[in-house]
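Residue-level structure breakdown
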Amino acid sequence: MDHKSGIPYYCGSRQPNCDYHHGQLSPVKGAGCYQVTRANRTHPEWDDGIGGTYKHGADLAWWNGSFYVHYFTNPVSEHTGAGQSILAVSRDGRRWEDFRVAFPPYRIPACTVTDYKGNTVGFSGETYAFIHQRVGFYRTKGNRLLLLGFYGWSPKPWVNNWDNYGIGRVVRELYPDETMGPIYFIRPCWQGGWSREQLLYPLYTEAEDKGFVESCEELLSDALAIQQWAEENGDRDELIRIKHDGNGSTNQAFCWYHIDEKTVIGMWKHSRCARSDDGGRTWSPVRVSPSLVMSGQKVWAQKTADSRYAMVYDPTLESTHRWPMCVTTSDDGIAYDDMLLVHGEVPPMRFGGFWKDCGPQYMRGIAEGINRPDDALWIAYTVNKEDVWVARLPLPITGTETQRELQNGFEDFTVYSPKWAPVTVTGFPSLRLADFDRYDYAKAERILCETKRLELAFTIVPRQADHGTLYCELQDGSGQTAVRLVFREDGMLGLRTTALISLGPYEADREIDIRISADCGAYEYTLKIGGGEEKSYRFMTAVKSLSRFVLRTGAPRLVPGREDEPVEDEGYSLVMADEKEEAAVYDLTRFWAESTES
């Protein structure tokens, strides 16, 4: 792609191998993936208090020192049932325990509507709307934060609540004390046939708070923010500047970023891009950038606090198998390179539902106009359309380690931290991996200076010896494992080399010091445990170099694979998916690594 074309393109050499959830890509050093919600049908108190197993459309804000995630949830499937949206709150972005309903279920009143296409539909008064929106936040210049949702209905489960199927967009204010104001309609879908008398909430212009009214009008005059409403509002809405081109192609899930005051890049699903050179007033035609490999999983791009650019997306052409979630970076906002892994874990889908897709998807960062932390890029997204996650990518974004010797530094571990398998730094200090999730695991990995010869020493304190597992591995840059030790659930420490070897028992709450000296030239290593004898073993896989130290509370997984399709049966669920297991806990209290390659 010629740089002069003016729209983003990928000029890197890496593309993921999607036979693996991690794509065989190097992870971002020090990144953290943290689960906000874990869908639970029978114990909503362990979830967000609602119990819906379809969760999607997460949006993210950082305001007055707290993180907020706004997402919508339906009982089972995307376009059926009484939908509502949830506001989750966190002080640090890692621990999420505060959930409140932002927009409740909307019971459509008994009425008859006739849309602009001449279609007449009657509602009995027993039908509930569902929620589906692209954006959940807007911050005004006066630092007032608006919450946004979109109610609609669907004649069939596969029809979106857009254009003539929409009821309208609702708004309320989030106050600094985290209470919320009344709900109003900011943009009803008049084209859908709805009159003021048929709406359950008043129009924003009827609010007594004139500052709130002015905030809504500021939003309505912000063309870039309003462009995010394009699918729901439809092309007939004069507020939408970038229309569909009329050939059947759709511009979905708009995001944008400024390169300078006048130059704005717009991006959509399916590799579609456009450019404005006058601050967003006029745009080039929307066209596909072929080097951006993506499907319908959304894309997010922004300028980062270190004056570079980052683009987060799933670089796969598949739509139902959405992995891995990656980031590419750019110096100029046009040419993107250095593809790295953000989220490379795909647990099994625990609940069936219509239009659920596997993997991390629908990523959104913090939009322009809302403050952003200076030290990291934050992304909200969903996994399997049933769990909500956030990812923190420290700046600058890199997938390499240049220091030949590393000591402790637990903050530089890349972590995968589900709600029921959390990874935390404790006060010892130590890195703690806990796990009481039968369908997922905790994972922490440290990027190492790539080397053919490595000295490694670490200490593990298992807090039990009769259940749980911990895998301790050395891997190369593509995730191939050369060295694997396993704290097994039977209380034995095992080794996977050319065969499975039992090294002896371990005890709960007793430190186990482990030292490894690995040589990729000979495909072998020496191992010393505690004060025992040093012994030599062969690698389990022949690798040319080592660049990762990995801890994981479960075996590696390849399922779901590309031949495994999501289950549409709404009654389906995995056995005991809502129940916790007995917790297994492991502490990493010491870590040291050094490249001894000359």
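Note: the structure precedes this text.
Residues numbered from 1 in each chain as written. Predicted model: local features only at pLDDT ≥ 70, side-chain atom pairs only at ≥ 80, totals over all residues. Heavy atoms only, no water.

**Quick word on the nonpolar core**
I167, F487, I516, F549, L588 and F591 are the most contacted members of the largest nonpolar core, which totals 91 residues. Each residue touching F591, except ones within four places of it in the same chain, is listed here: L406, Q407, N408, F410, F413, R446, L448, L456, A457, F458 and F549. Counting 46 residues, the second-largest nonpolar core is a separate cluster that includes V299, A301, A310 and L340. (Core = buried A, V, L, I, M, F, W, Y, C linked by side-chain atoms within 4.5 Å. Buried < 20%, exposed > 50% of the residue type's maximum accessible area, 1.4 Å probe, protein only. Contact = heavy atoms within 4.5 Å.)

**Overview of the sheet that holds strand β4 (residues 66–74)**
The strand order β3-β4-β5-β6 describes an open sheet built from four strands, whose pairing is antiparallel. Every interior strand has two partners, whereas the edge strands, β3 (54–63) and β6 (98–103), have only one. Between one strand and the next, the sheet's axes are offset by a mean angle of 25°, whatever the strand orientation. Bridge analysis of β3 against β4 gives eight bridges, and the strand direction is antiparallel. Each residue of the ladder has a partner; that of H56, found in β4, is F72. (Pairing = 2+ DSSP bridges. Helix = DSSP H or I, 4+ residues; strand = E, 2+ residues; numbered from the N terminus. Axes fitted to C-alpha atoms, helices over the stretch in contact; angles between N-to-C directions.)

**Quick word on the sheet that holds strand β31 (residues 470–475)**
Across the sheet, which stays open at both edges, the 11 strands sit in the order β22-β23-β24-β2-β26-β29-β38-β31-β32-β33-β34 with mixed pairing between neighbours. Only two strands of the sheet have a single neighbouring strand rather than two, namely β22 (360–364) and β34 (500–505). Between one strand and the next, the sheet's axes are offset by a mean angle of 20°, whatever the strand orientation. Taken together, the five bridges between β31 and strand β38 (residues 546–552) define a ladder with antiparallel strand orientation. Across the sheet, the residue bridging to L474 is F549, located in β38.

Remember that the coordinates give geometry; whether it matters functionally is a separate question.
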